[in-house]
Every structure is written in C-alpha cells, then in structure tokens.
Amino acid sequence: MAFYDPNDRMQYLKSELNKSLTFRVIIEPYQVYSIGVTEWEALDDIQHIISPNQMLWSLIYRKLKGNRGCTPITSYESQRLCNLIRTKNNRKVLEVGGEQLTFDKKSERIKLVNRSQPDYNGRKIGINILPRLIRKYRENKQFEHHLEALISQNLGTINWPSLDHHLLDKKEMVWLGNQVSCGVGMQRIDVLFSLKKEEQYYHCPVELKSTFASKDNIRQLKRYIDWMNQYVVPNLPGDICPILITRKIPDNQVGRKKEFKFNSSKRSEYFQNLTNNLNEFNREYGCKVRFIEYFIDSSNNNIIFEKIDY
C-alpha cells in the first residue's frame, strides 16, 4: 500500500484516470469473468429468495446510506454473489495469461488486451497506526477508529501476541470485517470476525471503546447479537461470542472519579455494577462476553491487551 502525496506528479495512473489515488493497493484477481451482474439482479431480484436473510443486506445497507468506500460483505453474501456471476457467465472463466484486463464500455464486458501496462514503481509504505493511537491515548482524545484499524490490520499476525491470544483462542480465523453494517438505522459493528475449530464456527462481534467500559456498551452488543441471530447465523450456523474491548479501568481510585475497580480488596460500586450488567447479559443470551482491556506500555511504546475475569 502507498500513500498519496499531493506534491507527487508521477502518481500511478494519474493521467489515465485524471484523479489522485489517495491509497493504492496492488491486487491480483482470483478468477475473472467477462459479464458482470447488475445491481437489480444482485439486490432486487428475489424470485429465488426463500427468506429475507438470504438477501445481500450489506450491499443494500450501502445503497441506503449512499456513501462511497469499501464495504465488507459476509461469507454467505460473497458465495451468493460469486454464484450469480458464475451462472451468468455459464461458469466460463477468462483465462488470463500475459494479457491486461480492460472494461469495454460499449459491450459492458471485461476483455483481454495485449497492450502492456507499466509496472508500479512508486512508494510502498505500510500504514503504522500505533504512533497516532498512542499520542491520542496520552492526550486523552478519542481514538476508537485508530484502535479499530490496528486490530483489523494485525489480528491473526504475530505483531500483537496478546491480541491473538485473547481474541483467536487458538482457532482459525476465516473472515474479518470492520464497520459492518447491521441494520437500516445504519448501526455498525466496529469489528466482526468468524473463527473455525474443526467443523464448529464462532462469530465474534467486537465493541471497541477509547474510554472505560460502561453498561451502554452492553446495550450495543445486544443490538449486534439480535441482528446476527437473524441475518448471519441462519446462513452460517455457529455460536455468537461477543467481545468488549475498552481502556483499562484504574485498579484503585484516583481523585474523585468513581471509575475504578477496587477500594482496598473490595469491588468498587462502578465495577460491581458493570460486572452485574455483564452477567445479566450472559444469562439473557446464553453466552459470555469476553471482557478485554488495553493499556500503553510506556517501556516500549506498545499496546497490551488483557482479559478481565469478572
């Protein structure tokens, strides 16, 4: 991935596209089909839809909001969309050798062309979100989007062992998305990922906060689970395992604030009320919220994740 530099007049494809590419990612297609599927065929045609949860809701929510950008779609939606494309092309794949791909506006098809495209020789700079996150953390500013980006970029890698240990729990990650739309009210799950162990699936909605945990976070998890039980689990059966990740609550009282865990060896009223709400949630939904806190280790300027037993 590379960054856009407004002073860079040698941007890749700038003259061809007549626009600046803020972020550039080099991708290689898995399969290429010539004929695309129309929006009506993907979203409006319901003659083969048995239940509303089989519709491509991620793309419908995107259309309702009208924003541009990347939209994560679930595993089921990906399979359904790919099947629509394969069926329309009679499962005939474009065999790409040394040719380039182009979109022919007249026929509205992807075609192969023999002209060569220069290789990308620009900068390839990875995005390191941690320094900005730490700065905002220490300035006591909001950094939820930075935390979301850090987790989405690094979950399943070796960069943050404490993150993988507490979130993956030695299971295989099979799907990951951030800002996952989950309703016409435009609610979004900060991070959602699916795990697999043997033949069992586990769907993990994550609520992230740059502040201390509160009962309001638990209400948000309820909305996520209610939606997932109707639109995700029927298409890919599995357990829902909610996760709450928040800033570390001080162990002892600091100043007059009541947001701390213990008064001597006794739980504070704030922490006791929080755990009561978590346990009530667990009984209602038949699961257990994984409660994880993070803090900045000043010795090496790193972020550490810890599971909280309650």
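Criteria and cut-off values
- Residues numbered from 1 in each chain as written.
- Predicted model: local features only at pLDDT ≥ 70, side-chain atom pairs only at ≥ 80, totals over all residues.
- Heavy atoms only, no water.
- Helix = DSSP H or I, 4+ residues; strand = E, 2+ residues; numbered from the N terminus.
- Buried < 20%, exposed > 50% of the residue type's maximum accessible area, 1.4 Å probe, protein only.
- Contact = heavy atoms within 4.5 Å.
- Areas by Shrake-Rupley, 256 points an atom, 1.4 Å probe, with all protein chains shown as cover.
- Lys, Arg positive; Asp, Glu negative; His and termini not counted.
- Charge placed at Lys NZ, Arg CZ, Asp CG, Glu CD.
- Phe/Tyr/Trp six-rings, centres within 6.5 Å; stacked < 30°, edge-to-face > 60°.
- Lys NZ or Arg CZ within 6 Å of the ring centre and 35° of its normal.
- Patch = residues over 30% accessible without salt bridge, like charges linked within 9 Å, V, L, I, M, F, W, Y side chains within 5 Å.
- Salt bridge = Lys/Arg side-chain N within 4 Å of Asp/Glu carboxyl O.
- Axes fitted to C-alpha atoms, helices over the stretch in contact; angles between N-to-C directions.
- Parallel < 35°, antiparallel > 145°, perpendicular 65-115°, else oblique.
- Left-handed = near helix turned anticlockwise from the far one by under 90°.
- Nonpolar A, V, L, I, M, F, W, Y, C, P; charged D, E, K, R; others polar.
- Arc of directions from axis to C-beta.
- Pairing = 2+ DSSP bridges.
- Core = buried A, V, L, I, M, F, W, Y, C linked by side-chain atoms within 4.5 Å.

### As for the overall build of the protein
- A tally of helices and strands in the protein yields nine helices and 13 strands.
- Classification of the 310 residues of the protein by burial places 36% in the buried group.
- Long-range pairs, those at least 24 residues apart, make up 55% of the contacts in the protein between residues at least 6 apart in sequence.
- Just so you have it, the protein exposes about 19400 Å², and 48% of that area is on carbon and sulfur atoms.
- Counting 47 positive and 36 negative side-chain charges, the protein places the averaged centre of each group 4 Å from the other.

### Digging into the packing of aromatic side chains
- Under the defined criterion, the tally for this structure stands at nine aromatic pairs.
- Between the aromatic rings of Y137 and F143, the centroid separation amounts to 5.8 Å while the plane-to-plane angle is 50°, which identifies the pairing as tilted. As far as burial versus exposure is concerned, Y137 and F143 are alike and both buried.
- Seen from their ring centres, F262 and F271 are 5.9 Å apart, and the 65° between their planes marks the pair as edge-to-face.
- Chaining the aromatic ring pairs together yields one cluster made of W57, Y61, W227 and Y231.
- We note R247 situated over the ring of Y137; from NZ or CZ to the ring centre the distance is 4.0 Å.
- Positioned over the ring face of F271 is K261, at 5.9 Å from the centre of the ring.

### Some details on a nonpolar patch on the surface
- On the surface, a nonpolar cluster with roughly 200 Å² of combined accessible area is contributed by V96, L101 and L112.
- Following the sequence through the fold, L101 ends up in strand β3 (residues 100-104).
- With a relative accessible area of 37%, L101 lands in the partly exposed category.

### Some words on unusual backbone geometry
- At D169, a position not held by glycine, the phi torsion is positive, near 55°.
- Here E198, not a glycine, exhibits a phi torsion of approximately 60°, which is positive.

### Structural notes on the packing of helix α8 (residues 215-231) against helix α9 (residues 269-285)
- Packing of α8 against α9 brings their axes to within 9 Å, and their N-to-C directions diverge by 15°. The pairing of α8 with α9 is recorded here as roughly parallel in orientation. Like other packed secondary-structure pairs, α8 and α9 cross with a definite hand, here right-handed. Here α8 contributes K215, I218, L221, K222, I225 and D226 to the contact with α9, which in turn contributes L274, N277, L278, F281, E284 and Y285.
- Looking at the contact of α8 with α9, its residues break down into seven nonpolar, one polar and four charged.

### Notes on the side chain of S58
- Looking at the element boundaries, S58 is found in helix α3 (residues 57-65).
- For S58, a relative accessible area of 4% puts it in the buried group.
- Setting aside anything within four residues of it in sequence, one finds S58 in contact with T71, P72, I73, T74 and E77.

### Considerations on helix α5 (residues 130-138)
- Turning to α5, its buried residues are L130, L133, I134, K136 and Y137. Down the axis of α5, the buried set is contained in an arc of 165°. They therefore lie on one face.
- Summarising the contacts, the buried residues of α5 are in contact with α6 (144-154), β9 (243-247), β12 (290-297) and β13 (302-307).
- Residue N140 follows α5 closely and has a positive phi angle near 60°.

### A word on the pairing of strand β6 (residues 188-197)
- Counting buried positions along β6 gives seven out of ten residues, so the element sits mostly inside the fold.
- A loop of six residues connects strand β5 (residues 172-181) with β6, the two strands running antiparallel in sequence, and G183 in this loop sits at a positive phi of about 155°.
- Sheet analysis places β6 next to strand β7 (residues 200-208), joined by seven bridges and oriented antiparallel. Across the sheet, residue K197 finds its bridge partner in β7, namely Q200.

### What about the nonpolar core?
- Formed by 35 residues in total, the largest nonpolar core has its most connected members in I189, L274 and F291.
- Put simply, the parts of the chain that give this core at least two residues each are α2 (39-44), α3, β5, β6, α8 and α9.
- With six residues, the single largest contributor to this core is α8.
- Residues in contact with L274, not counting those within four places in the same chain, are A213, S214, K215, I218, I249 and F291.

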